[in-house]
Amino acid sequence: QVQLVESGGGLVQPGGSLRLSCAASGSIFSISTMGWYRQVPRNERELVTVITSGGSTKYADSVIGRFTISRDNDKNTVTLQMNSLKPEDTAVYYCLINSRPGPSMSLTTNWGQGTQVTVSS
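Reading the values: rules and limits
Residues numbered from 1 in each chain as written. Predicted model: local features only at pLDDT ≥ 70, side-chain atom pairs only at ≥ 80, totals over all residues. Heavy atoms only, no water. Pairing = 2+ DSSP bridges. Helix = DSSP H or I, 4+ residues; strand = E, 2+ residues; numbered from the N terminus. Axes fitted to C-alpha atoms, helices over the stretch in contact; angles between N-to-C directions. Core = buried A, V, L, I, M, F, W, Y, C linked by side-chain atoms within 4.5 Å. Buried < 20%, exposed > 50% of the residue type's maximum accessible area, 1.4 Å probe, protein only.

Engineer: Describe the sheet that holds strand 1 (residues 2-7), naming the residues involved and giving the relevant values.
Structural biologist: Read from one edge to the other, the open sheet built from four strands follows the order 1-3-8-7, with strand pairing classed as antiparallel. Strands with a single pairing partner mark the edges of an open sheet, and in this sheet they are strand 1 and strand 7 (67-72). Between one strand axis and the next, the sheet turns by 15° as a mean value, whatever way the strands run. Sheet topology places strand 1 next to strand 3 (residues 18-26); six bridges connect them, and they run antiparallel. Its bridge partner being in strand 3, Gln 3 is matched across the sheet by Ser 25.

Dropping the structure here:
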């Protein structure tokens with residue numbers, strides 16, 4: 001089993017910053033991609049950003065220049081630095097990690113529990 005623990009959500013004013021972290025533990029041999037998704041009520045869960053094992057990143061157009069994803073392979077963590085936050089960034093943010101429990105084994109997908117980010121005056 002793989003466990004993901006998220007932290008860092010909260011309430012912030014427009015223009016402010018937050019840093020979300022997600023730590024993975026359990027049966028992990030290797031980690032491939034890691035990423036962040038977000039969801040608001042009655043909407044589809046949407047991709048915010050992903051980072052590959054090689055460090056390549058991809059961002060949703062709406063967050064380019066404001067959000068930065070990074071990973072610490074020694075600690076099995078992924079971080080989302082969120083700057084210049086806007087009210088439309090308000091959502092529940094979920095981390096995602098694709099990993100293998102052992103060599104030559106299939107990838108498994110695990111989600112964090114979700115953390116609320118609210119941007120409001």
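Engineer: A description of the nonpolar core should follow, citing residues and the corresponding values.
Structural biologist: Considering soluble globular proteins, one finds that nonpolar side chains tend to be buried as a cluster. Counting residues in hydrophobic clusters, the biggest one holds 26 residues, and the most contacted among them are Trp 36, Phe 67, Val 78, Met 82 and Tyr 93. Mapped onto this core, the elements with two or more residues apiece are strand 1, strand 3, strand 4 (30-39), strand 5 (46-51), strand 7, strand 8 (77-82), strand 9 (91-100) and strand 11 (115-119).

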